[in-house]
Amino acid sequence: MSDDHRVYSYTATLMGSPILLKLFSNNEALASRVFRLIKQYEDLLTVNRAPSQVMDINHAAGKHPVSVSRPVYELIRVAKAASLLENSAFNLAIGPLVKRWKIGFQGDSVPPADEIAALLAITDPVDVMLDDAANSVFLTQPGMEIDLGAIAKGYIADRVRDYLRKEGETLALINLGGNIQTLGAPEGGWSLGIKTPFGGADELIGTLNVENKSVVTSGTYERFFERDGKRYHHILNPRTGYPLDNELDSVTIISTNSIDGDIWTTLIYGMGVEKGCAALRARPDIEAVFVTKSKEVVVSSMQHFRFTLLDNRYRLTGNTV
Ligand code: FAD
Ligand code: MG
């Protein structure tokens with residue numbers, strides 16, 4: 001690469017996640033503005049501390065609607081729509097269960113079955129009432145809580161991409177703790193590593209080569225705890241209230257917008273490999289790389305990326321052409 005294409009990396013910790021920004025010019029000021037933008041969205045959307053607009057909605061559950069800013073309202077509208085898809089594993093109203101399990105946080109524990117049943121009763125996405133005219137959100141049942149953890153990073157990654165484009169950048173990458181969005185591509189494309197589930201910090205199962213795409217990975221190996229020999233990970237089944245149990249160790253979604261990648265990682269977790277591949281046949285703009293517990297890497301299709309397998313303990317199958 002010529003000097004013009006030197007990569008400058010900037011890092012921060014936001015949303016409880018390591019954030020990496022790659023620019024192709026030495027522009028500390030721009031990097032600071034990007035991190036400030038992410039922090040602004042975090043402050044609106046977080047449910048890990050008050051105040052935030054989402055916490056305001058949660059605190060008013062069962063009492064009254066809360067008007068929020070347009071971007072927060074729009075994100076909640078998209079999250080509700082994803083929750084209402086047929087057999088959707090995505091549920092924006094999963095908050096009470098996330099808070100009770102505390103997976104990935106201090107104080108995690110397996111809740112008693114009767115508590116899970118009681119909390120499930122206040123997680124119906126239909127009870128998230130939206131009012132377009134007032135930009136307001138009303139959680140009709142007391143105790144209800146919205147949690148945007150499965151969609152917010154994707155949304156924010158897209159806003160960072162748009163901001164960088166507006167600032168005249170043509171080549172950049174943002175990684176929000178496993179949620180990657182790219183602007184343009186260096187010569188030969190972006191080469192992005194996918195981690196080997198439960199492997200060492202730098203252990204890669206393979207690399208993805210993309211241009212102008214988002215790459216979002218969700219796995220059961222990042223946030224989990226073990227109790228009595230059983231592993232409990234952070235993607236919950238909205239129908240049972242327990243972690244989703246299937247053949248997957250991780251799924252990576254390649255799409256134009258990172259919000260779709262974030263939504264689809266959760267949807268696909270609910271479907272598994274076979275149903276996931278079938279669903280994606282209707283969505284040529286969205287592609288997946290599944291990594292299974294039985295050490296298979298399955299690609300749904302490979303139209304918008306290339307995948308190179310690096311870990312020879314795994315077998316690559318699926319629609320690789
Ligand atoms: P995904 O698979 O995309 O989503 C999993 C997350 O979504 C779960 O962690 C849970 O929050 C939620 N969820 C679980 N099951 C479902 C379901 N069925 N449907 C919908 N959602 C579900 N982490 C910290 O440790 N400390 C922080 O202070 C902190 N602050 C954050 C602030 C913001 C604004 C955001 C967006 C995240 C923050 N996080 C923080 C991380 C957060 O708690 C989640 O772990 C993270 O968003 C998971 O992202 P993912 O892409 O790994 O998982
Ligand atoms: Mg997600």
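Look up: the structure comes first, before these words.
Residues numbered from 1 in each chain as written. Chains lettered and ligands numbered in written order. Predicted model: local features only at pLDDT ≥ 70, side-chain atom pairs only at ≥ 80, totals over all residues. Heavy atoms only, no water.

Trainee: Whenever I open this one, the sheet that holds strand S16 (residues 306-309) confuses me. Can you help?
Mentor: Paired through their backbone hydrogen bonds, the strands of a sheet run either parallel or antiparallel. The antiparallel open sheet is built from 3 strands, whose spatial order is S8-S9-S16. Looking at which strands have only one partner, the edges of the open sheet turn out to be strand S8 (190-195) and S16. Adjacent strand axes in the sheet meet at a mean angle of 25°, parallel and antiparallel pairs treated alike. Both strand S9 (residues 204-210) and S16 contribute to a ladder of 4 bridges, which runs antiparallel. (Pairing = 2+ DSSP bridges. Helix = DSSP H or I, 4+ residues; strand = E, 2+ residues; numbered from the N terminus. Axes fitted to C-alpha atoms, helices over the stretch in contact; angles between N-to-C directions.)

Trainee: What should I look at first to understand the sheet that holds strand S15 (residues 296-299) in this one?
Mentor: In space, the 9 strands of this open sheet follow the order S1-S2-S6-S7-S10-S13-S14-S15-S17, with mixed pairing throughout. The open sheet terminates on both sides in strands that have one partner only, identified here as strand S1 (8-14) and strand S17 (315-318). In this sheet, adjacent strand axes meet at a mean angle of 15° when their direction is disregarded. Pairing of strand S7 (residues 179-183) with strand S10 (residues 214-219), which is carried by 3 bridges, proceeds in the antiparallel orientation. Residue pairing in the sheet places Asn179 in a bridge with Val216 of S10. Along the sheet face, helix H1 (residues 28-45) touches S1, strand S2 (17-23) and strand S6 (172-176) and points at about 25° away from the line of S1. Along the sheet face, helix H7 (residues 258-281) touches S7, S10, strand S13 (248-255), strand S14 (287-292) and S15 and points at about 120° away from the line of S13. (Contact = heavy atoms within 4.5 Å.)

Trainee: What is the right way to look at the environment of Glu42 in this model?
Mentor: Here Glu42 is to be found in helix H1. Residues Glu42 and Ala134, spaced 92 residues apart in sequence, show a C-alpha to C-alpha distance of 23 Å. If sequence neighbours within four positions are ignored, Glu42 has contacts with Leu14, Met15 and Arg49. Within the local environment of Glu42, its side chain forms a polar contact with the backbone nitrogen of Met15, the two atoms lying 3.2 Å apart. (Polar contact = N/O pair within 3.5 Å; in protein donor to acceptor, adjacent residues only side chain to side chain.)

Trainee: Looking at this structure, how should I read the pairing of strand S11 (residues 224-227)?
Mentor: Taken residue by residue, a regular strand's side chains alternate between the two faces of the sheet. Sheet analysis places S11 next to strand S12 (residues 230-233), joined by 4 bridges and oriented antiparallel. Looking at S12, one finds that Phe225 is bridged to Tyr232. Hairpin connection from S11 to S12: 2 residues lie between these consecutive antiparallel strands, with Asp228 at a positive phi of about 50°.

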